[in-house]
Amino acid sequence: MSKIILITGASSGIGEACARHSAKAGHTVVLAARSADKLEGLVAELGEKNALAVTCDVTDADQQKVMFATATDRFGRLDVVLANAGLGASAMGTEEGDIENFKEMVLVNNFGVTVTAKLAIPHLKASKGHLVFIGSRAGHATLPGSVYGATKWFIRGYAENVAAELSGTGARVTNINPGMVDTPFFDEPKPTALRPDDIARAFLYAIEQPEHVLIPSLQIYPKPQ
Ligand code: NJP
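Residues numbered from 1 in each chain as written. Predicted model: local features only at pLDDT ≥ 70, side-chain atom pairs only at ≥ 80, totals over all residues. Heavy atoms only, no water.

**With respect to the pattern of salt bridges**
Right, on to step 1. Under the criterion given, the structure shown has seven salt bridges.
Right, on to step 2. We note a salt bridge from arginine 195 to aspartate 182, for which the minimum N-O separation is 3.4 Å. Here arginine 195 is found in the loop between β6 (172–178) and α6 (196–207), whereas its partner aspartate 182 is found in the loop between β6 and α6, with 13 residues between them in sequence.
Right, on to step 3. One network of salt bridges, in which partners are shared, links Glu16, Arg20 and Glu45. (Salt bridge = Lys/Arg side-chain N within 4 Å of Asp/Glu carboxyl O. Helix = DSSP H or I, 4+ residues; strand = E, 2+ residues; numbered from the N terminus.)

Quick look at the structure:
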């Protein structure tokens with residue numbers, strides 16, 4: 001069945017790939033990020049009938065409210081929300097790290113995700129839909145001093161807590177935990193890393209399962225070289 005899918009961080013990398021794969025599979029996508037030009041380019045590629053761009057900074061709760069309202073005004077419901085927007089560390093560790101970067105990571109990777117989840121829940125309860133988080137392998141590892149890694153430990157715990165809150169409502173929660181993926185998240189190419197398409201296939205796999213199937217989490221790592 002064709003689903004209405006809202007994706008945060010859809011202008012680049014994993015979110016962009018999830019949008020392309022979703023549209024190719026016949027789903028309708030709402031694409032959210034701050035970069036309006038990139039989103040509009042993607043809508044032009046995917047077709048205006050099945051794609052909508054909404055400019056949104058996920059750290060601004062009011063902008064997220066407008067994002068959800070715009071999506072449901074246009075398409076009437078939401079079946080899947082992918083909380084994907086996120087950013088990494090500008091320097092390794094805590095001692096060498098940058099305080100403004102700590103703040104931005106916590107605001108985007110954590111606060112923004114809680115707002116996305118809160119605003120998504122009523123729609124997903126109504127549709128018996130699916131909330132998907134993008135966590136990380138970094139949320140399953142000890143990385144010396146890593147604030148980024150800690151933001152993804154938060155996602156690991158939060159995804160389980162939200163799943164418990166939604167248990168019995170018919171809505172499902174999945175946390176997808178990638179290893180390194182070659183995206184603009186990094187300043188330089190990562191030739192031995194996963195590709196965004198690898199994560200998009202996992203996303204489609206999770207959301208296209210029959211109604212009675214729950215996939216709480218998925219780990220997707222590059223094969224060791
Ligand atoms: O990164 P990138 P990825 N408000 O930089 C958006 C996780 N992950 O695809 O606003 C709204 O290509 C930004 O859009 P824009 C990672 O932690 C990655 O690799 O236009 N949107 C862009 O669309 C993150 O959660 C790896 O700048 C905001 C998107 O986020 C997710 O995967 C490994 C925003 C970032 O796209 C996607 O990252 C892993 C804001 N304030 C987990 N700030 C990896 N790449 O290795 C940023 O385990 N965005």
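**Digging into helix α4 (residues 99–127)**
Right, on to step 1. The end-to-end C-alpha distance of α4 is 40 Å, a good match for the 42 Å that 29 residues give at a rise of 1.5 Å each.
Right, on to step 2. A bend of about 40° at isoleucine 121 is the largest found in α4, and the proline proline 122 appears one to four places after it.
Right, on to step 3. Of the residues that open α4, the one with a side-chain oxygen 3.3 Å from the backbone nitrogen of glutamate 100 is aspartate 98.
Right, on to step 4. After α4 finishes, the residue lysine 128 shows a positive phi value of roughly 50°. (Expected span 1.5 Å × (residues − 1). Bend = angle between axes of the 7 residues up to and from the residue. Polar contact = N/O pair within 3.5 Å; in protein donor to acceptor, adjacent residues only side chain to side chain.)

**Considering the pairing of strand β3 (residues 51–55)**
Each regular strand displays side chains that alternate between the two surfaces of the sheet.
Right, on to step 1. Of the pairings in the sheet, the one linking strand β2 (residues 28–33) to β3 comprises five bridges and is parallel in character. Counterpart to valine 30 in the pairing with β3 is leucine 52.
Right, on to step 2. Taking the sense of rotation as the criterion, the β-α-β connection linking β2, helix α2 (residues 36–46) and β3 turns out right-handed. (Pairing = 2+ DSSP bridges. Right-handed = clockwise from strand over helix to strand, strands pointing away.)

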